[in-house]
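Report on the structure
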Amino acid sequence: MSDIKLFHFGGTQVSELPGSAMQVEKSLQILFEANLEALLGIRFLATEHSTGPVHGGRIDTLGLDEDNSPVIIEYKRSVNENVINQGLFYLDWLLDHRKEFQWMVMERLGSKAANAVEWTAPRLICIAGDFTRYDEHAVKQIARNIELIRYRRFGEDLLMLELVHAPKTARVSATKTSTEPKPVNIADQPAEVGQDSDPYLSQRLSYRLSQSSSDLRDIYDAVYQFLVGLGDDVQVKELKLYTAFKRLKNFVCMEIYPQARTVMLFLKLNPGELDLEEGFTRDVRNIGHFGSGDLQVTLRSMADFEKAQPLLRQAYEAG
């Protein structure tokens, strides 16, 4: 069991709040599903979704995360329950029923969200009061995008979430097959996007990286290493169009534009609470862009990267 403790300071008295996590009750699943976006950055799609008579199972919770990746959430109701194997079974079912999932997204979130579903790194999240050492060892041996989250309740109105395990990097290899990217809205993007004879090719992050100068790639790599070094809990999600850095939720999304000679960052910070600098920081709360984050930071040099470091730390701490 996690040794995290919570204390209440009342005047001169300090008292420990008793925590509980005996098993996952149905009420906790309902709580998660009603607040998925606030807790995990995931949009709710379905609960107890049937996989049909052939598979004969029910997925506890289905959702779509802030990178438009499909998410399966399974709740471990007892210490001995093998929720990881069960979740992997559902993950394979999901990859074999992509059209069914996208239809579900369209019905609940609209056609734009359905067309933007990102299949490069679907996620399996297992939530439990605790995990055994065998659980933690098993997920380290499985080359899939699996996250273990431990919860603990304190009283009636406090919930603690602890990220026990997450893959450091999630890539295309996490899926059974790869697919071509869907059309995206390229408004408000630098000029080179969409100008190639193959519009999908010019949008891909891998293509942009290959076309970037060594100086620009150095900036990209410096930001990458800096963000990964902020903490052991930082996950890297490499998508077709951008790279996302996350803890429980994204805190930075990064793109690169070789013709504009810029590295573009989108941070989960409130621009209204910051002094914005023209050409460096920008409020994009009402401007469409890839990834998530309301503050855009534009890097053109290593000096810009050094200037951005306090903002990157702030985004990490807020995430």
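Residues numbered from 1 in each chain as written. Predicted model: local features only at pLDDT ≥ 70, side-chain atom pairs only at ≥ 80, totals over all residues. Heavy atoms only, no water.

1. Regarding the confidence of the model for the protein
The pLDDT averaged across the protein works out to 83; a share of 84% of its residues lies at or above 70. Note on residues 172–199: pLDDT is under 50 here. Beyond four places in sequence and across chains, it has 61 contacts. (pLDDT = per-residue confidence, 0-100. Contact = heavy atoms within 4.5 Å.)

2. Looking at the pairing of strand 5 (residues 58–65)
When you tally the buried positions in strand 5, you get seven out of eight residues, the bulk of the element. Across seven bridges, strand 4 (residues 42–50) lies against strand 5 in antiparallel orientation. Within strand 5, the position partnered with arginine 43 by the bridge is leucine 64. As judged from the four bridges shared by strand 5 and strand 6 (residues 70–76), these two strands associate in the antiparallel manner. Counted as the bridge partner of threonine 61 is isoleucine 73 from strand 6. Hairpin connection from strand 5 to strand 6: four residues lie between these consecutive antiparallel strands, with asparagine 68 at a positive phi of about 65 degrees. (Buried < 20%, exposed > 50% of the residue type's maximum accessible area, 1.4 Å probe, protein only. Helix = DSSP H or I, 4+ residues; strand = E, 2+ residues; numbered from the N terminus. Pairing = 2+ DSSP bridges.)

3. Observations concerning helix 1 (residues 26–34)
Three or more residues of helix 1 are buried, namely Leu28, Gln29, Phe32 and Glu33. Looking straight down helix 1, one finds that the buried residues subtend no more than 135 degrees of arc, so they occupy a single side. (Arc of directions from axis to C-beta.)

4. With respect to the packing of helix 4 (residues 83–96) against helix 5 (residues 98–109)
One can describe the packing of helix 4 onto helix 5 by two numbers: an axis separation of 5 Å at closest approach and a directional angle of 85 degrees. Our classification of the angle between helix 4 and helix 5 gives roughly perpendicular. Contact residues: helix 4 offers Trp93, Leu94, Leu95 and Asp96, while helix 5 offers Arg98, Glu100 and Phe101. Grouping the amino acids of the contact of helix 4 with helix 5 by side-chain chemistry returns four nonpolar, no polar and three charged. (Axes fitted to C-alpha atoms, helices over the stretch in contact; angles between N-to-C directions. Parallel < 35°, antiparallel > 145°, perpendicular 65-115°, else oblique. Nonpolar A, V, L, I, M, F, W, Y, C, P; charged D, E, K, R; others polar.)

5. Here's the deal with the nonpolar core
Phe245, Val252, Val263, Leu265, Leu267, Val297 and Leu299 are the most contacted members of the largest nonpolar core, which totals 31 residues. Counting residues per element, the ones that place at least two in this core are helix 9 (205–211), helix 10 (214–228), strand 13 (250–257), strand 14 (262–267), strand 16 (295–299) and helix 11 (302–318). In this view, valine 297 contacts Val263, Met264, Leu265, Leu267, Phe280, Thr281, Ala308 and Leu311; residues no more than four positions away in its chain are not counted. Ranked by size, the runner-up nonpolar core spans 28 residues in total, among them Ala114, Leu124, Cys126 and Leu148. (Core = buried A, V, L, I, M, F, W, Y, C linked by side-chain atoms within 4.5 Å.)

6. What about the packing of helix 10 against helix 11?
The relative placement of two packed helices is expressed as an angle between their axes plus a distance between the axes. Where helix 10 contacts helix 11, the two axes come as close as 11 Å, and the packing angle between them is 25 degrees. By the angle class used here, helix 10 and helix 11 are roughly parallel. Seen along the crossing, helix 10 lies across helix 11 with a hand that is right-handed. Seen from helix 10, the contacting residues are Asp218, Ile219, Ala222, Val223, Phe226 and Leu227; seen from helix 11, they are Met302, Phe305, Gln309, Leu312 and Arg313. A per-class count over the contact of helix 10 with helix 11 returns eight nonpolar, one polar and two charged. (Left-handed = near helix turned anticlockwise from the far one by under 90°.)

7. Thoughts on the pattern of salt bridges
Under the defined criterion, the tally for this structure stands at 17 salt bridges. Glutamate 66 serves as the salt-bridge partner of lysine 268, at 2.7 Å between the closest nitrogen and oxygen. A residue pair is termed long-range when its members are at least 10 positions apart, and lysine 268 in the loop between strand 14 and strand 15 (281–283) and glutamate 66 in the loop between strand 5 and strand 6 qualify at 202 residues. Taking the relative accessible area as the measure of exposure, lysine 268 reaches 31% and is therefore partly exposed. Overall, glutamate 66 belongs to the buried group, its relative accessible area being 18%. Note that lysine 246 and glutamate 147 form a salt bridge whose closest N and O atoms lie 3.7 Å from each other. Of this pair, lysine 246 sits in strand 12 (residues 243–246) while glutamate 147 is found in strand 8 (residues 146–154), placing the two residues 99 residues apart along the sequence. You can call lysine 246 buried: its relative accessible area is 2%. Each member of the salt-bridge network shares a partner with another, and the members are Asp65, Asp67, Arg123, Glu147, Lys237 and Lys246. (Salt bridge = Lys/Arg side-chain N within 4 Å of Asp/Glu carboxyl O.)

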